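Spelled out, the chains give:
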Amino acid sequence: MKLNYIIKQTAGFMTLLLLLSFSACKKGNTDKDLGAAPTADQVKFSVTPTATNANIVTLVNQSPGFKALWDFGNGATADGNTVTASYPLAGTYTVKLTIVTDGGSVSSTKSVVIAATNPAMLTDPAFTTLSGGLANATGFTWVIDQKSAGHLGVGPVTSQTPDWYQAGPDEKAGLGFYDDEMTFNMNALKYTYDNKGTTFANASNAPGIGGPTGSNDPTVNYTPPTNLTWLVTETNGAKYITISGGGFIGYYLGVSQYQILSLNENEMWLRCLDKANSGNAWYLKLVKKGYVRPIVQKPIQAANLADDFQGTSNFTWTAENINFTSPYDNPGKFPVNTSAKVGYYEKRTGDDGQYGNLNVTLPYRFDLAAKNKVRLKVFIPGGNDFTTLQPKVSVKLQNSLLGGNAYTTQIEIVKTIAATDYNKWVQLEFDYSGSAAQTLYDKIVVQLGGEGHPAPGIFYIDDFEFK
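Values in this document were obtained by computation on a predicted structure and should not be read as measured data. (Residues numbered from 1 in each chain as written. Predicted model: local features only at pLDDT ≥ 70, side-chain atom pairs only at ≥ 80, totals over all residues. Heavy atoms only, no water.)

Draft legend 1. Structural view of the sheet that holds strand 2 (residues 56-61). Strand order in the open sheet formed by three strands is 1-2-5, with antiparallel pairing between adjacent strands. Every interior strand has two partners, whereas the edge strands, strand 1 (45-49) and strand 5 (82-86), have only one. In this sheet, adjacent strand axes meet at a mean angle of 25 degrees when their direction is disregarded. Across five bridges, strand 2 lies against strand 5 in antiparallel orientation. Directly across from V60, in strand 5, lies its bridge partner T82. (Pairing = 2+ DSSP bridges. Helix = DSSP H or I, 4+ residues; strand = E, 2+ residues; numbered from the N terminus. Axes fitted to C-alpha atoms, helices over the stretch in contact; angles between N-to-C directions.)

In structure tokens:
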């Protein structure tokens, strides 16, 4: 009897524990359940014209939720429970409010009718600079400034400069970028994007216009809308261009608003965000179609350059797609060069190294009638694989104003080192006296190992002079 009683009491106690445990678990799960999905009829907002300007309206969210997202129907967007929208032009605009709750998000729209155009809201000089003003029936057309370094760039969103990357002149040729034309017309604030059938898109955002998913920026077959408008607004002292209907300028990043960093009658520099990568800020340089930037010629001067690669130099080299170290221990202190230190030049393997070189651009053009000989010493190790690598030393004089096309007018002298001269220093001279009348060149390029092939190689260089 006593044992049965104990068993019954224990069973009852265990049952009570299970019930309490189940109740506690059920309450905990309930606390974690998401709320019900919001419905469109919950989305409510008021529209109130300001007392001093009926073309500026205040929008107030009257819906539940923890976030309110607005699309003003004029290209601009905002977030917050109370926002202000500007409509300089008469017309009917569809305002969309999206509310976000624990259960999801939902949107609703409302028409805002602006009875009359307010010319006073279009007096910002940027309107006229971009479009030519109301008197210009065709507007102004702008194109990517492909000849300028940094016409496309990217940096951290915390910066106002493209600290991470800047495209070189013509770097994006053939990608559907440089033939794009963006026309700003002040009449009805019409914006026309003529992409000639294709758009160059950011890899992370390309699916937004029907492009592929991938790691490389694609050229996307894309037909832009024809009913786009544009607007210049100012927020906290910064001016912005906003394109309606998801429109954009040139490179597709999933955004439609661009901060104006600088703008004049022929050039503009813009900054925008990146829809897929919130930490990135992108930069675009544009020029008015047909604008040819004046060429500011450098003065002509006799060259006076020397570098012994031991810390005594009157200029600084740029190493382009090579591994370069200076000063570096002399691999062979033999006659012709007994210097303790020299320059180490390593040609990289693969595509990136095919056109690697040392170069320097000067603030003057070379007076080849006065100074026309470049001298240097080279050491080519016999351990290089010369089945593909070329035992060549090339010195080129180029016009830096041509950017990526500088090679088209360069003058080049190439020296081939004989196998009997491997593993020892060789003194070389490059004589440009035959081009003494030329006054184009302000850049020197020194290239070892040949170009147009992916084979690596190791070289040493010393006692450069052009004086």
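Draft legend 2. Local environment of the environment of G176. Along the polypeptide, G176 turns up in the loop between strand 10 (165-166) and strand 11 (181-185). G176 sits in the buried class, given a relative accessible area of 12%. Spatially, the C-alpha atom of G176 lies 9.2 Å from that of A201, the residues being 25 residues apart in sequence. Beyond its immediate chain neighbours, meaning those up to four positions away, G176 contacts T198, T199, F200 and T219. (Buried < 20%, exposed > 50% of the residue type's maximum accessible area, 1.4 Å probe, protein only. Contact = heavy atoms within 4.5 Å.)

Draft legend 3. Representation of the pattern of salt bridges. Using the criterion set out here, one finds 16 salt bridges in the structure. Between K147 and D170 there is a salt bridge, with its nearest N and O atoms 2.8 Å apart. Linking K147 in the loop between strand 8 (140-144) and strand 9 (152-156) with D170 in the loop between strand 10 and strand 11, this pair joins segments that are 23 residues apart in sequence. One network of salt bridges, in which partners are shared, links E181, D194, K196 and K289. (Salt bridge = Lys/Arg side-chain N within 4 Å of Asp/Glu carboxyl O.)

Draft legend 4. Examining unusual backbone geometry more closely. A cis geometry characterises the amide bond from S326 onward to P327, with omega recorded as 0 degrees. Mapped onto the secondary structure, P327 falls in strand 23 (residues 322-329). Positive phi, normally seen in glycine, also occurs at F309, with a value near 60 degrees. Secondary-structure assignment places F309 in the loop between strand 21 (305-307) and strand 22 (318-320). Although it is not a glycine, V336 adopts a positive phi angle of roughly 90 degrees. Position of V336 among the secondary structure elements: in the loop between strand 23 and strand 24 (341-347). Classification of V336 by relative accessible area gives partly exposed; the value is 47%.

Draft legend 5. Region of interest: the packing of aromatic side chains. Tallying each qualifying case throughout the model produces 27 aromatic pairs. Between F184 and W230, the aromatic rings sit 5.3 Å apart at their centres with planes inclined by 85 degrees, giving edge-to-face as the arrangement. Linking F184 in strand 11 with W230 in strand 15 (residues 228-235), this pair joins segments that are 46 residues apart in sequence. One aromatic cluster is present, formed by F177, Y178, F200, Y251 and W282 through successive ring pairs. The cationic tip of K415 hangs over the ring face of F430; the distance from NZ or CZ to the ring centre is 5.8 Å. (Phe/Tyr/Trp six-rings, centres within 6.5 Å; stacked < 30°, edge-to-face > 60°. Lys NZ or Arg CZ within 6 Å of the ring centre and 35° of its normal.)

Draft legend 6. The environment of T349, seen in detail. With respect to the secondary-structure elements, T349 resides in the loop between strand 24 and strand 25 (357-361). Here T349 falls in the exposed class, since its relative accessible area comes to 56%. Each C-alpha atom, one on T349 and one on D163, is 27 Å from the other, the two residues being 186 residues apart in sequence. Leave out the neighbours within four places in its chain, and T349 touches P454 and P456. One polar contact links the side chain of T349 to the main-chain carbonyl oxygen of P454, over a distance of 3.3 Å. (Polar contact = N/O pair within 3.5 Å; in protein donor to acceptor, adjacent residues only side chain to side chain.)

Draft legend 7. Here's a closer look at the sheet that holds strand 7 (residues 104-114). Sheet architecture is open: four strands sit in the order 4-3-6-7, paired in antiparallel fashion. The sheet terminates laterally at strand 4 (77-79) and strand 7, the two strands that pair on one side only. Taking each pair of neighbouring strands and ignoring which way they run, the sheet shows an average axis angle of 20 degrees.

Draft legend 8. Here's a closer look at the pairing of strand 16 (residues 238-243). The pairing of strand 15 with strand 16 spans six bridges and is classified as antiparallel. Within strand 16, the position partnered with E234 by the bridge is K239. Between strand 15 and the antiparallel strand that follows it, strand 16, lie two residues; N236 among them carries a positive phi value of about 50 degrees. Here strand 16 runs beside strand 17 (residues 257-263); their pairing, made up of three bridges, is antiparallel.

Draft legend 9. Region of the structure containing the side chain of T141. Along the polypeptide, T141 turns up in strand 8. Within the structure, the side chain of T141 is placed 2.7 Å from the side chain of T183, a separation counted as a polar contact. Dropping the residues within four chain positions of it, T141 is found in contact with E181, M182, T183, V287, K288 and K289.

Draft legend 10. Just the confidence of the model for the protein chain, in detail. When the pLDDT values of the protein chain are averaged, the result is 89; 93% of them are 70 or greater. Every residue in residues 1-34 scores below 50 in pLDDT, and together they form one contact with partners more than four places removed in sequence or on other chains. (pLDDT = per-residue confidence, 0-100.)

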